[in-house]
2 protein chains.
Amino acid sequence: MSLPHALLGLLASQPGTGYELRQRFEASLGNAWHASHSQIYPELGRLEDRGLVEVIAHGSRRSRTWAVTADGRAELRRWLTETEPNRDVRNEPLLRGFLLFLLEPEERTAVLRRELAAAEREGAALAATAAELDGDGGASRFRPIVDLGLRSNAVLQEWLREQVGEAG
Amino acid sequence: MSLPHALLGLLASQPGTGYELRQRFEASLGNAWHASHSQIYPELGRLEDRGLVEVIAHGSRRSRTWAVTADGRAELRRWLTETEPNRDVRNEPLLRGFLLFLLEPEERTAVLRRELAAAEREGAALAATAAELDGDGGASRFRPIVDLGLRSNAVLQEWLREQVGEAG
DNA sequence: GCCATCATGTAATTAGTTACATGATTAG
DNA sequence: CTAATCATGTAACTAATTACATGATGGC
């Protein structure tokens, strides 16, 4: 279960409310993990019980801003360095890629075009993130991993264009 | 839930027993989806109830060979062409990549080296699969998607080597 | 004043993992 | 004959999604 460490990681990067964490899953961690608010709020409570996060501010609309504690940072480092990653990836669009051979050429082309459009949107979002990071005085700690995302996305777009070209 | 369609897809590619399906999740679909036998056997029963798969042979050790029915193929095509993919990917190694900035340079290098070793193993497995497909009289229906895997793996390995180099 | 969005929570259900359990066959 | 692997199944538990529910605040 990666959710507690995903939350610790988001808070280690920047404190925030549960609501904001939800949004950051989409904005920055979208290709790696995600969670809905109904998972986030109870998990923050459990992390608080374990002393890994704490409320550092109360804001309007009874919101609470959470931050990771020293113990939380230690737990994150332990997890990163001493535990093996679970490599059981779940990626439904890729699963669909394995099954494209089942379709007639015209159907396959239509599906591939839809995926290409999605990859282009994703690529544009990544480029915007990269530009933002570069604009903020450069050298963000997320710049390298965003770059990996950009390169992977470029490979995917290239593959999709080849497949569309060959099929249609 | 992609499991029923993953099973239909595996059986559409080649009939097999529940046990074999389990192995094929690792061998061919490993980067996209996976399931344990305790999920596969009950799901095959449900697919049978819906008329999407059927037993086509009884073998030794009371094994049953399953195949997808005409209705099953129709359901697969409908799913591929008419439904939007769920793009909520779960990828723990990538999540960890986002959090590497939390580590000291030496720790980060050690983690990156471990990931590089994993990526090299994965790349070798993909290359072996590709060679096998090419050897079998060529033009396998899985060759294109295996090629996407190879290219993505190459990008990942390159990125990891850069990160290792820069950090240590 | 009222609508959109911020903000948080719980309940019910479904999906997925881990643990428990058993028997058949084949290779050495 | 016996150990490894093939082969299937259920039970208990944990994780995740969907649905239900409520209230606060800021902009118009």
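Residues numbered from 1 in each chain as written. Chains lettered and ligands numbered in written order. Predicted model: local features only at pLDDT ≥ 70, side-chain atom pairs only at ≥ 80, totals over all residues. Heavy atoms only, no water.

### Section: the interface of chain B and chain A
No. 1: The partner chain A presents 57 residues to the 57 residues of chain B that form the contact.
No. 2: Of the roughly 6,400 Å² buried between chain B and chain A, counting both surfaces, carbon and sulfur atoms make up 66%.
No. 3: Among the residues chain B hides against chain A, the three largest losses belong to L80(B), R90(B) and F98(B). Together they make up 13% of the total.
No. 4: At the boundary of chain B with chain A, the tally comes to 6 salt bridges.
No. 5: For R87(A), the salt bridge is made with E115(B), and the minimal N-O distance between the two is 2.8 Å.
No. 6: Counting every contact that joins chain B to chain A gives 24 residue pairs in polar contact (both at pLDDT 80 or more).
No. 7: Of all the secondary structure elements, the ones that give two or more residues to the side of chain B that touches chain A are helix 1 (3–13), helix 4 (70–82), helix 5 (92–98), helix 6 (105–135) and helix 7 (143–167) of chain B.
No. 8: The element best represented in the side of chain B that touches chain A is helix 7 of chain B, accounting for 11 residues.
No. 9: Considered class by class, the residues forming the side of chain B that touches chain A number 27 nonpolar, 15 polar and 15 charged. (Contact = heavy atoms within 4.5 Å. Buried area = accessible area lost by both parts, 1.4 Å probe. Salt bridge = Lys/Arg side-chain N within 4 Å of Asp/Glu carboxyl O. Polar contact = N/O pair within 3.5 Å; in protein donor to acceptor, adjacent residues only side chain to side chain. Helix = DSSP H or I, 4+ residues; strand = E, 2+ residues; numbered from the N terminus. Nonpolar A, V, L, I, M, F, W, Y, C, P; charged D, E, K, R; others polar.)

### Side note on the protein's contact with DNA strand C
No. 1: Close to DNA strand C lie 20 residues; Y19(A), H37(A), R64(A), S38(B) and Q39(B) are nearest.
No. 2: The share of sugar and phosphate among atoms of DNA strand C within 4 Å of the protein is 65%.
No. 3: Contact distances for DNA strand C include 2.6 Å between a phosphate oxygen and a side-chain N or O atom of R64(A).
No. 4: Separating a base oxygen of DNA strand C from a side-chain N or O atom of R61(B) is a distance of 2.8 Å.
No. 5: Elements with a minimum of two residues in the surface near DNA strand C: helix 2 (18–27) and helix 3 (37–49) of chain A together with helix 3 (37–49) of chain B.
No. 6: Residues belonging to the surface near DNA strand C are distributed by class as follows: 4 nonpolar, 10 polar and 6 charged. (Near = heavy atom within 4 Å.)

### Quick look at the nonpolar core
No. 1: Within the largest apolar cluster, 80 residues are counted, with the highest numbers of intra-cluster contacts made by F25(A), L99(A), F25(B), L95(B) and L99(B).
No. 2: Excluding residues that lie within four positions of it along the chain, F25(A) makes contacts with L3(A), A6(A), L7(A), L10(A), G30(A), W33(A), H34(A), A35(A) and I40(A). (Core = buried A, V, L, I, M, F, W, Y, C linked by side-chain atoms within 4.5 Å. Buried < 20%, exposed > 50% of the residue type's maximum accessible area, 1.4 Å probe, protein only.)

### Re the protein's contact with DNA strand D
No. 1: The full set close to DNA strand D counts 20 residues, and S38(A), Q39(A), Y19(B), H37(B) and R64(B) are the nearest of them.
No. 2: For DNA strand D, the backbone portion of the atoms within 4 Å of the protein, that is sugar and phosphate, comes to 61%.
No. 3: Measuring from a base oxygen of DNA strand D, one finds a side-chain N or O atom of S38(A) at 2.5 Å.
No. 4: Taking R61(A), its side chain carries an N or O atom lying 2.9 Å from a base oxygen of DNA strand D.
No. 5: Listing elements by their share of the surface near DNA strand D, those giving two or more residues are helix 3 of chain A together with helix 2 (18–27) and helix 3 of chain B.
No. 6: Looking at the surface near DNA strand D, its residues break down into 4 nonpolar, 10 polar and 6 charged.

### A look at the packing of aromatic side chains
No. 1: Going through the model one piece at a time under the given rule, you end up with 4 aromatic pairs over all chains.
No. 2: For the ring pair F101(A) and F142(B), a centre distance of 5.2 Å and an interplane angle of 75° mean the geometry is edge-to-face. With F101(A) in the loop between helix 5 (92–98) and helix 6 (105–135) and F142(B) in the loop between helix 6 and helix 7, this residue pair bridges two chains.
No. 3: The buried category is assigned to F101(A), whose relative accessible area is 19%.
No. 4: Put simply, the rings of F98(A), F101(A) and F142(B) pair up and form one aromatic cluster.
No. 5: Here the basic side chain of R96(A) rests over the ring of W79(B), its NZ or CZ set 3.9 Å away from the ring centre. (Phe/Tyr/Trp six-rings, centres within 6.5 Å; stacked < 30°, edge-to-face > 60°. Lys NZ or Arg CZ within 6 Å of the ring centre and 35° of its normal.)

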